[in-house]
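Here is what each chain is made of, one letter per residue.
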Amino acid sequence: NFMLTQPHSVSESPGKTVTISCTGSSGSIASNYVQWYQQRPGSVPTTVIYEDNLRPSGVPDRFSGSIDSSSNSASLTISGLMPDDEADYYCQSYDSNSGVFGGGTKLTVL
Amino acid sequence: QIQLVQSGAEVKKPGASVKVSCKASGYTFTSYGISWMRQAPGQGLEWLGWISAYNRNTKYAKKIQGRVTMTTDTSTNTAYMELRSLRSDDTGVYYCARDIGQQLIRYPDSWGQGTLVTVSS
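An account of the accompanying structure is given in this report.

Here is what the cut-offs are and how they apply
- Residues numbered from 1 in each chain as written.
- Chains lettered and ligands numbered in written order.
- Predicted model: local features only at pLDDT ≥ 70, side-chain atom pairs only at ≥ 80, totals over all residues.
- Heavy atoms only, no water.
- Helix = DSSP H or I, 4+ residues; strand = E, 2+ residues; numbered from the N terminus.
- Rg over C-alpha atoms; globule rule 2.2 N^0.38 Å.
- Disulfide = S-S within 2.5 Å.
- Buried < 20%, exposed > 50% of the residue type's maximum accessible area, 1.4 Å probe, protein only.
- Contact = heavy atoms within 4.5 Å.
- Phe/Tyr/Trp six-rings, centres within 6.5 Å; stacked < 30°, edge-to-face > 60°.
- Lys NZ or Arg CZ within 6 Å of the ring centre and 35° of its normal.
- Core = buried A, V, L, I, M, F, W, Y, C linked by side-chain atoms within 4.5 Å.

### Here we look at the overall build of chain A
Line of reasoning, step 1. Counting its secondary structure elements, chain A contains 0 helices and 10 strands.
Line of reasoning, step 2. Reading chain A from its N terminus to its C terminus gives the helix and strand order β-β-β-β-β-β-β-β-β-β.
Line of reasoning, step 3. Since a compact globule built from 110 residues should have a radius of gyration of about 13 Å, the 13 Å found for chain A is in line with a globular shape.
Line of reasoning, step 4. For the C-alpha atoms alone, the extent of chain A along its principal axes is close to 40 × 30 × 25 Å.

### Section: the state of the cysteines
Residues and elements named next belong to chain A.
Line of reasoning, step 1. In total, this model carries 2 disulfides over all chains according to the counting rule given.
Line of reasoning, step 2. Covalently, Cys-22 is tied to Cys-91 through a disulfide, its sulfur atoms 2.1 Å apart. Judged by the sign of its S-S torsion, about 80°, the cystine formed by Cys-22 and Cys-91 is right-handed. Note that Cys-22 is positioned in strand 3 (residues 18–24) and Cys-91 in strand 8 (residues 87–94), a separation of 69 residues in sequence. The pair Cys-22 / Cys-91 is uniform in exposure class, with both members buried.

### Description of the environment of Gly99(A)
Line of reasoning, step 1. Tracing the backbone through its elements, the reader meets Gly99(A) in strand 9 (residues 99–101).
Line of reasoning, step 2. For the pair Gly99(A) and Asn1(A), spaced 98 residues apart in the sequence, the C-alpha separation amounts to 9.4 Å.
Line of reasoning, step 3. When neighbours within four sequence positions are excluded, Gly99(A) is seen to be in contact with Ser93(A), Tyr94(A), Trp47(B) and Ile105(B).

### With respect to the packing of aromatic side chains
Line of reasoning, step 1. Overall, the coordinates contain 6 aromatic pairs over all chains when judged by the stated rule.
Line of reasoning, step 2. Between Tyr27(B) and Tyr32(B), the ring centres sit 5.2 Å apart and the planes meet at 90°, which makes this aromatic pair edge-to-face.
Line of reasoning, step 3. The exposure class of Tyr32(B) is partly exposed, given its relative accessible area of 22%.
Line of reasoning, step 4. A network of ring pairs unites the aromatic residues Tyr37(A), Phe101(A), Tyr95(B) and Trp111(B) as a single cluster.
Line of reasoning, step 5. Across the ring face of Tyr27(B), the terminal group of Arg98(B) is positioned such that the distance to the ring centre comes to 4.8 Å.

### Side note on the nonpolar core
Line of reasoning, step 1. Counting 38 residues, the largest nonpolar core has Phe101(A), Ile34(B), Trp36(B), Met70(B), Met81(B), Leu83(B) and Trp111(B) as the members making the most contacts within it.
Line of reasoning, step 2. At the level of elements, strand 8 of chain A together with strand 3 (18–25), strand 4 (33–39), strand 5 (45–52), strand 7 (68–73), strand 8 (78–83), strand 9 (92–99) and strand 11 (115–119) of chain B are the ones that each hand at least two residues to this core.
Line of reasoning, step 3. Ranked by size, the runner-up nonpolar core spans 23 residues in total, among them Val18(A), Cys22(A), Val48(A) and Leu107(A).

In short, the description is geometric, and any link to function would need to be established separately.
Here it is, written out as structure tokens:
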């Protein structure tokens, strides 16, 4: 099974921009869509990016997603960081036999 | 609006079984799949499996294959996940979610509220 690897934690100051990476272990990460979920403590995960770079309604355009085939990775970028962005973020993808989540990245907004 | 409402918390002894339900509303149940995930205390999300509400095809994570059965009841728009031979490391919050894949695994887009399963002697 393929795996997705994320940094354990990132931190940045309010107003700045942060990027969280998600690297695929095998095959091409571009072969199937990547999603990003935000989970605040004690809450259910919610989608912030789906199908690589699309935002659900209600998600501000400060959130963006991208794919880099050369590094076999996906990225979530959050600009204009706000204290409310502090949460765990998970990338997710799938193949014909399974889904998979990255290990999660704890974002701290200092 | 789309809602997935899960059954309540469970406490089980090692070796027992648990069956979690997930009642869907607000969309055409058979046009989507249902994915199941879990989250151990302080840990990340783990994908457990997927079932097509259209044709009942299933895919299970290798880690729990042989101990898990996922089913759907289209008369009540309810999905079920049964996990057998429970161990202490099965403790966690179990989530169901609508999966946009009707006949193939894709990704969750709406989640249930979660069900805490505690396995303890």
